[in-house]
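For reference, the chains in residue letters:
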Amino acid sequence: MLMEKLGMDKIEESKNRVQALRASRKDIKWPLLSEEEKHHLVHQYHPDYKKEAYGEIRIGPNRGEKTVLEVVKLLEGESSIASESISLSAARQVDVLIIGGGGAGATAALSVKEAGASVLMATKLRLGDSNTVMAEGGMQVAISPDDSPIQHFMDSLRGGHMENDRTLLKTLVESGPSVAKWLLDIGVLFDREEDGNLSLRPGGGSSRARLLRCKDYTGLELMRVLKDAVLDEEIEVLEFSPVVELLTDGEGICTGAILKNLDNNKYLTVQAKTVILSTGGMGRLHIQGFPTSNHYGATADGLPIAYRAGAALTLQDTFQYHPTGAVYPEAMAGILVTEAIRSVGAQLVNSNGERFVNEMETRDAVASAVIRECQEGRGVETSSGRRGVWLDMPLVDLLNGEGTLKDRFPNMDRQYSRYKIDISKDPVLVYPTLHYQNGGIKINVDGESTLKGLFVAGEASGGIHGRNRLMGNSLLDIIVYGKRAGRAASLRASETEFRKLTLRHLEEYQKEQKSAGVVPQIVSPILFPDYVNKD
Amino acid sequence: MGKTPSPRGGMMSRSITIEFDGAPHYVPEGITVIQAMWHLGHPMIRGIGCLNGVCGACTITMRSPSQGESRTALACQTMVEDSMSFTFLPPDASKKAITPLSAEVPDEKKLLHFYPETKRCVACQACTTICPQGIDVMGGVRAAINGEISAVAERFTSCVMCGLCSMVCDARIRPHRVGILARRLSVAAHPGSTEQLYVRIDEINTGRYKEEWERVMSS
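Within each chain, residue numbers correspond to sequence positions counted from 1 in written order. Whichever chain is written first is A, and whichever ligand is written first is 1; the rest continue in order. It should be noted that, the model being predicted, local features are given only for residues of pLDDT at least 70 and side-chain atom pairs only at 80 or more, the latter also being counted only at that level, while totals for whole chains, interfaces and linings use all residues. Only hydrogens and water are removed before side-chain values are computed, so all heavy atoms of the structure are retained for them.

## Re the overall build of chain B
Then comes step 1: Scanning chain B for helices and strands turns up 9 helices and 5 strands.
Then comes step 2: Only DSSP runs of H or I covering at least 4 residues are called helices, and only runs of E covering at least 2 are called strands; the numbering of each starts at the N terminus. In chain B, the succession of helices and strands from N to C terminus is β-β-α-β-β-β-α-α-α-α-α-α-α-α.
Then comes step 3: In this analysis, two residues are considered to be in contact whenever any of their non-hydrogen atoms come within 4.5 Å of each other. Excluding contacts between residues fewer than 6 apart, the proportion of contacts in chain B whose partners are at least 24 apart in sequence is 55%.
Then comes step 4: To measure how exposed things are, a 1.4 Å probe is used in the Shrake-Rupley method; for residues, cover is taken only from the protein chains shown. For chain B, the computed accessible surface area is about 10400 Å², with 51% contributed by carbon and sulfur atoms.

Right, dumping it as structure tokens:
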């Protein structure tokens, strides 16, 4: 009891310093880092550069390259159907099979339907259960007169450390305005200015204000409407039916997939002319022990199955740790505090109440700076042993007028108020949280992977964002590439016959495992994180 | 591969008693109801989703000493309390009307055309009382009856589509579905134009950036 009291006193003391110094910090502009300073900061503190967290991929298309140990294990894992006898005669036939029911999958489904092909969606939980639904900050589209797609491109390229696939990125930014129009057409309610134009906000690493949003519920709004539109089109959706393996014709073309019905554990073989994988990210792998902002189902299911079937990955060694994940209360650990709050003036301050970084640097730089403060003893430790720095949100009201936080960030306000924390009065503790996989399955501009007939859209794909995604580019990505993958997969399906269903790629992968001396340590995809208490 | 997110450190994790499935259980203090389920050995598949309070999958009804009456909540956003009891609620089973949005000017009467039962509201407040997001649901329903489409849209901004409002409605009204339709229709009804957007689309289509792109892409 005494120790707990001492701990709390220390936190209170630090918080009081933050409150006391607020007025003196209010109007100070913190300088941006030079490219060189940023390079040093990121290389020294960002988890992507922690050598001991990485290992070599010993088999498959990316053999000899590196990624984090958790993903190595996933890629080298054993198929869950290795010891099952599953009928490969198709229970269902469809032009385009879409695996994953988040924003990218739903957009792709609408696009396939529009192209006139038959479509079946399968998803692990319910339609709409995804990271999309949680996106708060917005969607980057270069609309304002002082902005251009080129400007958007340059910002994203710099943010991605110049390692973005330029063709993919060009298509992303150039398609922005037309997909924004499409979203308006299907009924997405973005915030407006009084003159009727779409309201635009600044985001980290971006030289212009170009975030479209719906309060801090942008992803919820997007997903709600996409889901409603999918239901309006009467597209068939198999819920609680994750994919466990892809099927090929044995000659390098993807021809279908095996789904698992979670209600009765029965397998369903689907034959398709083309397959779109939109299985999302991997936060629930808790890479390097980080908490995550991700959905319960974010276990990178698409990566191991696509990889085993022969699809190459790209930038599979880089991840986004969002700088401001909640640290306290414990029940909120890992939950995102949207970057948009920093873009309207919230400051990051250490335990001494001092600022230490320009809050609008790119996410990798801000995250690195927060980690540095904590490693060097200027963080605050909670009673459950987590560390963090302060995000001083009351400043937002001070700078923009009372009530701004409650009005613009109702979701954040509601989440904290559930734990009796008033974000307009008190700063909150934050620390980087595992947020996004920057890389993924390599695609071309039609969304097709290096495995013919397998298209990928959304977070499961890689290349667009280089080594660090800018805020607001993922919502754009899922819509732009969801549509493109849907269109291209439909077109291909119209020129293709159904081909045979085999698991020959799996047999070959197992052979490769053996000859490389790889002993699978887990079954993959894992489908769900294992949080169950074993005691 | 997984990492148990249950709280570390002894000081905070005093054990408390909760009631689930008709039996008392001991769980550490300071965790959410979802985390308590994991603690009790339930690998969750249904009744779980984003874990961030926005997907509407984990609705529960609960009773606790600090809140006398029973109330609904989202399990991922609710801390366990000593002597609380809870039950998971079934998923939304309400039928969605097929509501194609046409390019013509939206008509607020469309709300009632697709969801005619909305008119039967007897103002009992059950929907508002049960909403885990604290939305004035009944106010939204009344606004729909009055054809105030923007007012309906505004009220349902934070709706997570859990469907509890429709579950408790004696008149079989589907407020959350009326809410999202109002939102979608109101986009087309929004006064003012998005002129900047159309200008930009035109610029891209007519090749305004072509030369700049060539320069950028070849550098």
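So much for the structure itself; the text now carries on.
## A few points about the nonpolar core
Then comes step 1: Definition used in this section: a nonpolar core is a set of buried Ala, Val, Leu, Ile, Met, Phe, Trp, Tyr and Cys residues joined via side-chain atoms within 4.5 Å. Buried, partly exposed and exposed residues are distinguished by accessible area as a fraction of the type maximum, computed with a 1.4 Å probe on protein chains only: under 20%, between the cut-offs, and over 50%, respectively. Within the largest apolar cluster, 169 residues are counted, with the highest numbers of intra-cluster contacts made by L246, M393, Y416 and L454 of chain A.
Then comes step 2: Not counting residues up to four positions away in its chain, the partners in contact with M393 of chain A are V337, I341, A346, L405, Y416, I423 and V428 of chain A.
Then comes step 3: Ranked by size, the runner-up nonpolar core spans 31 residues in total, among them L262 and Y296 of chain A together with F20 and F86 of chain B.

## Digging into the pairing of strand 4 (residues 92-99) of chain A
Residues and elements named next belong to chain A.
Then comes step 1: For strand 4, the buried fraction is high: 6 of the 8 residues fall into the buried class.
Then comes step 2: At least two bridges found by DSSP between two strands are what make those strands a pair. As judged from the 7 bridges shared by strand 4 and strand 11 (residues 267-277), these two strands associate in the parallel manner. The residue bridging L97 from the neighbouring strand is V275, located in strand 11.
Then comes step 3: Sheet topology note: the strand 4/strand 5 (residues 119-122) ladder contains 4 bridges and is parallel. Bridging across to strand 5, I99 finds its partner in A122.
Then comes step 4: Each parallel crossover has a hand, and for strand 4 linked through helix 4 (residues 103-115) to strand 5 it is right-handed. Place the viewer so that the strands point away; then a crossover is right-handed whenever the path from the first strand over the helix to the second strand goes clockwise.

## Comments concerning the packing of aromatic side chains
Then comes step 1: Only centres within 6.5 Å qualify two rings of Phe, Tyr or Trp (six-membered ring in Trp) as a pair; their planes then separate them into stacked at under 30 degrees, edge-to-face at over 60, and tilted for everything else. Considering all chains together, one arrives at 10 aromatic pairs over all chains under this definition.
Then comes step 2: With centroids separated by 6.2 Å and ring planes inclined at 75°, the aromatic side chains of F86 of chain B and F88 of chain B adopt a geometry described as edge-to-face.
Then comes step 3: One aromatic cluster in this structure is built from Y296, F528 and Y531 of chain A together with W38 of chain B.
Then comes step 4: A cation over an aromatic ring shows up here: K483 of chain A above the ring of W182 of chain A, its NZ or CZ 3.7 Å from the ring centre. In this analysis the charged atom, NZ for Lys or CZ for Arg, is taken to sit over a ring once it is within 6 Å of the ring centre and within 35 degrees of the ring normal.

## Things to note about the sheet that holds strand 18 (residues 440-442) of chain A
Residues and elements named next belong to chain A.
Then comes step 1: An order of 12-18-20 is seen for the 3 strands of this open sheet, with the pairing classed as mixed. For this open sheet the edge positions go to strand 12 (313-314) and strand 20 (461-462), each flanked by a neighbour on one side alone.
Then comes step 2: As judged from the 2 bridges shared by strand 18 and strand 20, these two strands associate in the parallel manner. Residue pairing across strands places I441 opposite S461, the latter belonging to strand 20.

## Observations concerning helix 15 (residues 504-515) of chain A
All names here are of chain A.
Then comes step 1: Across its 12 residues, helix 15 extends 17 Å between first and last C-alpha, which sits within 8% of the 16 Å expected from 1.5 Å per residue.
Then comes step 2: Residues of helix 15 that are buried include every one of H505, L506, Y509 and Q513, and no others. Across the axial projection of helix 15, the buried residues extend over an arc of 95°, all falling on one side. Residues of helix 15 that are exposed and point more than 90 degrees away from the buried face comprise K511, K514 and S515.
Then comes step 3: If you follow the buried residues of helix 15, they end up packed against helix 3 (69-75), strand 3 (78-79), strand 9 (243-248) and helix 8 (302-308).
Then comes step 4: Where helix 15 terminates, the next one or two residues include G517, which has phi positive at roughly 70°. Expected helix span is given by 1.5 Å per residue-to-residue step, counting one fewer step than there are residues. Arc, as used here, means the arc of the directions from the helix axis to the C-beta atoms.

## Examining the sheet that holds strand 2 (residues 23-28) of chain B
Residue and element names in this part refer to chain B.
Then comes step 1: Here we have 5 strands laid out as an open sheet, ordered 2-1-5-3-4, and mixed in their pairing. Here the strands that pair on one side only, and so sit at the sheet edges, are strand 2 and strand 4 (67-74). For this sheet, the mean inter-axis angle between neighbouring strands, taken without regard to orientation, is 30°.
Then comes step 2: Relative to strand 4, strand 3 (residues 59-64) is paired through 5 bridges, and the arrangement is antiparallel. Bridge pairing in strand 4 links T61 to T72. Between N-to-C directions, angles span 0 to 180 degrees; the directions come from axes that are lines fitted to C-alpha atoms, helices contributing only their stretch in contact.

## With respect to the pairing of strand 9 of chain A
Then comes step 1: With 6 of 6 residues buried, strand 9 of chain A lies mostly within the body of the structure.
Then comes step 2: Counted along the chain from strand 9 of chain A to the antiparallel partner strand 10 (residues 254-260) of chain A, the turn is 5 residues long, and its residue G250 of chain A has a positive phi close to 85°.

## A few points about a negative patch on the surface
Then comes step 1: A cluster of like negative charges, contributed by E193, E194 and D195 of chain A together with E195 of chain B, occupies part of the molecular surface.
Then comes step 2: Summarising the element assignment, E193 of chain A is placed in the loop between helix 6 (166-185) and strand 7 (211-212). Only residues above 30% relative accessible area that lack a salt bridge enter a patch, with like-charged residues linked at up to 9 Å and the nonpolar side chains Val, Leu, Ile, Met, Phe, Trp and Tyr linked at up to 5 Å. Salt bridges are defined by distance alone: a side-chain nitrogen of Lys or Arg within 4 Å of a carboxyl oxygen of Asp or Glu. Here Asp and Glu are counted as negative and Lys and Arg as positive; His is not counted, and neither are the chain ends. Here the site of a charge means atom NZ of a Lys, CZ of an Arg, CG of an Asp or CD of a Glu.

## Overview of the interface of chain B and chain A
Then comes step 1: The interface of chain B with chain A comprises 73 residues on the first partner and 85 residues on the second.
Then comes step 2: Two parts placed together each lose some accessible area under a 1.4 Å probe, and the buried area is that loss summed for both. Buried area between chain B and chain A, summed over both chains or domains, comes out near 7000 Å², and the portion from carbon and sulfur atoms is 61%.
Then comes step 3: For the interface between chain B and chain A, the tally reads 6 salt bridges.
Then comes step 4: One salt bridge connects D232 of chain A with K96 of chain B, and the closest N-O pair in it is separated by 2.7 Å.

## Digging into unusual backbone geometry
Then comes step 1: With omega at 0°, the peptide bond leading from Y328 of chain A into P329 of chain A counts as cis.
Then comes step 2: Structurally, P329 of chain A can be placed in the loop between strand 13 (319-326) and helix 9 (340-343).
Then comes step 3: Between S524 of chain A and P525 of chain A the backbone carries a cis peptide bond, its omega angle lying at 0°.
Then comes step 4: Here P525 of chain A lies in the segment after strand 21 (523-524).
Then comes step 5: Unlike most non-glycine residues, Q125 of chain B shows phi in positive territory, near 75°.
Then comes step 6: Looking at the element boundaries, Q125 of chain B is found in the loop between helix 2 (109-114) and helix 3 (126-130).
Then comes step 7: A relative accessible area of 36% means that Q125 of chain B is categorised as partly exposed.

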